[in-house]
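Residues per chain, in single letters:
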Amino acid sequence: MNKFQINKKGQAQALKSIQLSSKDFENKNHIGIHWLGGGGAFINFYGIIILIDPLLTGFDMPLLIDMVAKPEIIKHVDGYLVSHVDNDHYSRETLKQLKNITDEIHASYYVASLMKNECDAKAIGHTWNDKFNIKDVEITITPCDHDWQNYVEEFNYRKWDKKEYCGFYLNYKGKKIWYVGDSRLMDEQLKMEAPDVILFDFSDNEYHIGLNNAYKLADNYPDSKLILIHWGTVDAPEMTPFNGNPQNILDNVVNPQRVIILAPGEEYVLS
């Protein structure tokens, strides 16, 4: 469903959220990809449940959408992945509610340490290019460049290492999904094995990819489906990280028919 709307504040806004149910977390005999709103995703690999940067409760900014699920409907999670420390990706409240039903929690070494200290969660730390398996899903940690805190004085109480930010490349029996993560464009990101699907942040922001580089990354993988994320969710028209307009992607990338614009919670089935 390639649809969206422009609200009265001029923001591209996602359509009405589709609420997930407990049945969405069962084996549906296919690979189903759901955008959770914001930068979050839920992937059901034939009953293997992977959450990436889930934000289901406890966010501190006003939203344009309804959250797509209450944590209590989820009975079991195989893998819980977090790309970086920002609270629209690392939701402490969501983790606290899901940690006891989750088999494995993975993040960078720094974020994993926060998960242990802040949420008493048994998180496993990684660096770029690490590989691990969650059942039949092979996951590779991919590089990101998103250390914006180093350039904002109030966050200069520590040095933020680039390797504290990452993406995830998931391979299930030859079907490949890449969660790029919040990142400026990196040369390494142009040398990946072409994925079937890219969970695609296109924020026109100096600490994100920027529109011209978003087009460059998309066109480097001309046959990959692009599921647009990190847009249409937060009621903050003055903040560029939250205000990507899908029309820019539709108008400026090779093979625009591959662009997938989902409502939050809506399923895309990877054939």
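Just so it is clear, the structure is predicted and the values come from calculations on it, not from any experiment. (Residues numbered from 1 in each chain as written. Predicted model: local features only at pLDDT ≥ 70, side-chain atom pairs only at ≥ 80, totals over all residues. Heavy atoms only, no water.)

Trainee: I'd like a description of helix 2 (residues 109-119), backed by residues and values.
Mentor: Since there are 3.6 residues in each turn of an α-helix, residues three or four apart along the chain are aligned in direction. For helix 2, the set of buried residues is Y110, V111, A112, L114, M115 and C119. Elements in contact with the buried residues of helix 2: helix 1 (92-98), strand 7 (102-108) and strand 8 (123-126). Directly after helix 2, the chain includes D120, whose backbone phi takes a positive value near 55 degrees. (Buried < 20%, exposed > 50% of the residue type's maximum accessible area, 1.4 Å probe, protein only. Helix = DSSP H or I, 4+ residues; strand = E, 2+ residues; numbered from the N terminus. Contact = heavy atoms within 4.5 Å.)

Trainee: Let's hear about the environment of D120: which residues, and what values?
Mentor: Note on placement: D120 falls in the loop between helix 2 and strand 8. Separated by 24 residues in sequence, D120 and K96 place their C-alpha atoms 8.0 Å apart. Not counting residues up to four positions away in its chain, the partners in contact with D120 are K99 and M115.

Trainee: I'd like a description of the sheet that holds strand 3 (residues 31-37), backed by residues and values.
Mentor: Backbone hydrogen bonds are what pair the strands of a sheet, in a parallel or an antiparallel way. Ordered by their spatial adjacency, seven strands build an open sheet running 8-7-6-5-4-3-16, and the pairing between neighbours is mixed. The two strands at the open ends of the sheet, each matched to only one other strand, are strand 8 and strand 16 (267-270). Averaged over all pairs of adjacent strands, the angle between their axes in this sheet comes to 20 degrees, without regard to strand direction. Relative to strand 6 (residues 77-81), strand 5 (residues 48-52) runs parallel, the two sharing three bridges. Paired with I50 across the two strands is G79, which belongs to strand 6. Running at roughly 130 degrees to strand 7, helix 2 makes contact with strand 7 and strand 8 of the sheet. (Pairing = 2+ DSSP bridges. Axes fitted to C-alpha atoms, helices over the stretch in contact; angles between N-to-C directions.)

Trainee: Go over the pairing of strand 8 with me, naming the residues and quoting the values.
Mentor: Two faces make up the sheet, and in a regular strand the side chains alternate between them. Across four bridges, the pairing between strand 7 and strand 8 is parallel. Looking at strand 8, one finds that A107 is bridged to G125. The handedness of the strand 7 to strand 8 crossover, carried by helix 2, is right-handed. (Right-handed = clockwise from strand over helix to strand, strands pointing away.)

Trainee: For the side chain of D145, give the residues involved together with the corresponding values.
Mentor: Topologically, D145 is positioned in the loop between strand 10 (137-143) and strand 11 (166-172). The buried category is assigned to D145, whose relative accessible area is 13%. A polar atom in the side chain of D145 sits 2.5 Å from the side chain of R184. If we ignore the near neighbours within four places in the chain, the residues touching D145 are K162, S183, R184, M186 and Y207. (Polar contact = N/O pair within 3.5 Å; in protein donor to acceptor, adjacent residues only side chain to side chain.)

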